Amino acid sequence: MSQTFLDRTLDNLRGAWRELRDSPVVRGLGFDESQTRHDRWREQISDCLARRGGAVSARARAAALGHDFLRLDDAGKRDFLHLLVNEFGVDRDRVAAVMSDWTAADDLAEQALLETELRSALVPPFRSILKEFNSLPQGVKFLVDLRADLLRWRKQAPGLAILERDLKTLLASWFDIGFLELQRITWNSPAALLEKLIAYEAVHAIQSWDDLKRRLASDRRCFAFFHPGMPDEPLIFVEVALVNGIAGNVDALIESKDDVTGAADNGPKADTAIFYSISNAQAGLAGISFGDFLIKRVVAELQRDLPHLKQFSTLSPIPALRNWMDRQLDTMAKGQETGLPKVIEAALNDCDDLMGPKPPATSPDAVSERTRTNIEYLTAWYLLNAKRPGMETAFDPVAHFHLSNGARVERLNWNGNGKENGWNQSFGMMVNYLYDLSTIEKNHESYVGQGKIAVSSAVKRLLR
């Protein structure tokens, strides 16, 4: 399904740019089809940068260049981008000359002027090409997807890293939180948008249209951020279940048939909002964070529309737990120091028979009580003490995200995800991060400034 709508998106983009390319303005530009591919690219890029013929011609030239680029296979696209970076990058001779003049200048005013000139010299000409693409129909989506390709090609084309970093800087400025619009997605939203929701769900796969309809029922909410340059494309979305009390099993939460909000029958109302899935929909926006704003905006929306809600919590995966345990056991097997407390090493050794590609137990239901106790102990220690190398922040990426936002580690849930992927990630363990509105700012400051993790007494007791 994802391939279908992605193909349609690409076809729409090609069509929009083809119309610009084939306009009377472009037909008069005089492209020579007999040129070699590199020579043609150089001429097209140079013409775009020169902006001959005014803004209309410049836009048409960019459309022609972009249309040609879209027709290339991956190898051809990398070839084009290498030429763009290598031949239309920063003029280092000019930079050196300005720096030499700055060093020789003995007047502050002159130095200030040279600093302005230096900033200009450090901007690569290829950035102007990226900005031209941005002005085209669906150009923002094109650039987001281009960065996704650059990230995918990091090993194959390390020379394009400078372009990826430059594009990330541009996208970060264009996707400032002030430009984003929060929208609720419902079963009545356009079918094309719902199709994308199914394709982009990265945490708990949506199995069917019936599954999606259930996730958009009256006891659920789904919100997404949109950008005016990509009005039909969600950037990031969150799925919320409205329940009574903090939920601890994601399968039961997703598959539940109960409508606890009382929307239809005026029965008991939910007191808790559970954020059970947060998915980044655009790979090209990796590293450009607005998920924290999404959660806070959604909390505000829910508080306004459902004032009876008293708790806001996640039901989150622990995606790096098992890999972390595996690495520690491997280090121990080699006789190397892990730096872990002896009690943690002992607990890891007790779980050794569960590790490896074909463990004897394949679900939380199959393990002994002793093993369960060890896994819960290790999970609590991991979330509160495992750090990123050389940093004071949580090793687990999901933990780091929520702790940075001011949440606290509230509760661990044995068999929170009993499916195979849950076992493979974390032996089925899941965690609730609680967003206590009265302590969010304090928790955020303590974590970001001092590396201190807010944690409930219930989780602390697991480490005694």
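Residues numbered from 1 in each chain as written. Predicted model: local features only at pLDDT ≥ 70, side-chain atom pairs only at ≥ 80, totals over all residues. Heavy atoms only, no water.

Engineer: Would you mind going over the overall build of the protein chain with me for this structure?
Structural biologist: Counting its regular elements, the protein chain contains 21 helices and seven strands. Long-range contacts, defined as pairs at least 24 residues apart, comprise 75% of the intrachain contacts of the protein chain with a sequence gap of at least 6. Accessible surface, the protein chain: about 22,500 Å² in total, of which carbon and sulfur atoms supply 50%. (Helix = DSSP H or I, 4+ residues; strand = E, 2+ residues; numbered from the N terminus. Contact = heavy atoms within 4.5 Å. Areas by Shrake-Rupley, 256 points an atom, 1.4 Å probe, with all protein chains shown as cover.)

Engineer: What am I meant to see in a negative patch on the surface here?
Structural biologist: A grouping of Asp-101, Asp-106, Asp-107, Glu-110 and Glu-117 is seen on the molecular surface, where their side chains present a negatively charged patch. With respect to the helices, strands and loops of the structure, Asp-107 is situated in the loop between helix H6 (92-104) and helix H7 (108-121). (Patch = residues over 30% accessible without salt bridge, like charges linked within 9 Å, V, L, I, M, F, W, Y side chains within 5 Å. Salt bridge = Lys/Arg side-chain N within 4 Å of Asp/Glu carboxyl O. Lys, Arg positive; Asp, Glu negative; His and termini not counted. Charge placed at Lys NZ, Arg CZ, Asp CG, Glu CD.)

Engineer: Just to check I follow, could you spell out the pairing of strand S5 (residues 311-314) for this structure?
Structural biologist: A regular strand places its side chains on the two faces of the sheet in alternate fashion. Pairing of strand S4 (residues 272-280) with S5, which is carried by four bridges, proceeds in the parallel orientation. Note that in S5 the partner of Ala-273 across the bridge is Phe-312. Taken together, S4, helix H14 (residues 291-305) and S5 form a β-α-β motif whose crossover is right-handed. (Pairing = 2+ DSSP bridges. Right-handed = clockwise from strand over helix to strand, strands pointing away.)

Engineer: Even after reading the chapter, I still don't get the nonpolar core, so can you show me in this structure?
Structural biologist: Considering soluble globular proteins, one finds that nonpolar side chains tend to be buried as a cluster. By size, the foremost hydrophobic cluster in this structure holds 102 residues, and its most contacted members are Leu-81, Phe-175, Leu-302 and Val-409. Considering every element that reaches this core, the biggest residue donor is helix H17 (residues 369-385), with eight residues. Ignoring sequence-local partners within four residues, the contact set of Leu-302 consists of Arg-221, Phe-223, Val-240, Ala-273, Phe-275, Pro-307, Leu-309 and Phe-312. In this structure, Ile-185, Leu-194, Cys-222 and Ala-281 belong to the second largest nonpolar core, which totals 14 residues. (Core = buried A, V, L, I, M, F, W, Y, C linked by side-chain atoms within 4.5 Å. Buried < 20%, exposed > 50% of the residue type's maximum accessible area, 1.4 Å probe, protein only.)

Engineer: What is the right way to read the pattern of salt bridges from this model?
Structural biologist: Two side chains carrying opposite charge are able to pair once their charged atoms lie near each other. The full count for this structure, using the stated rule, is 28 salt bridges. In this structure, the salt-bridge partner of Lys-196 is Glu-233, at a minimum N-O distance of 3.2 Å. Residue Lys-196 is located in helix H11 (residues 191-200), and its partner Glu-233 is located in the loop between strand S2 (220-226) and strand S3 (236-243); the two are separated by 37 residues in the primary sequence. Here Lys-196 and Glu-233 have matching classes, each one buried. When the shortest N-O distance is used, the salt bridge between Asp-436 and Arg-408 registers 3.7 Å. One end of the pair, Asp-436, is in the loop between strand S7 (430-434) and helix H20 (440-450); the other, Arg-408, is in strand S6 (residues 408-413), and 28 residues separate them in sequence. Residue classification places Asp-436 among the partly exposed residues on the basis of a relative accessible area of 24%.

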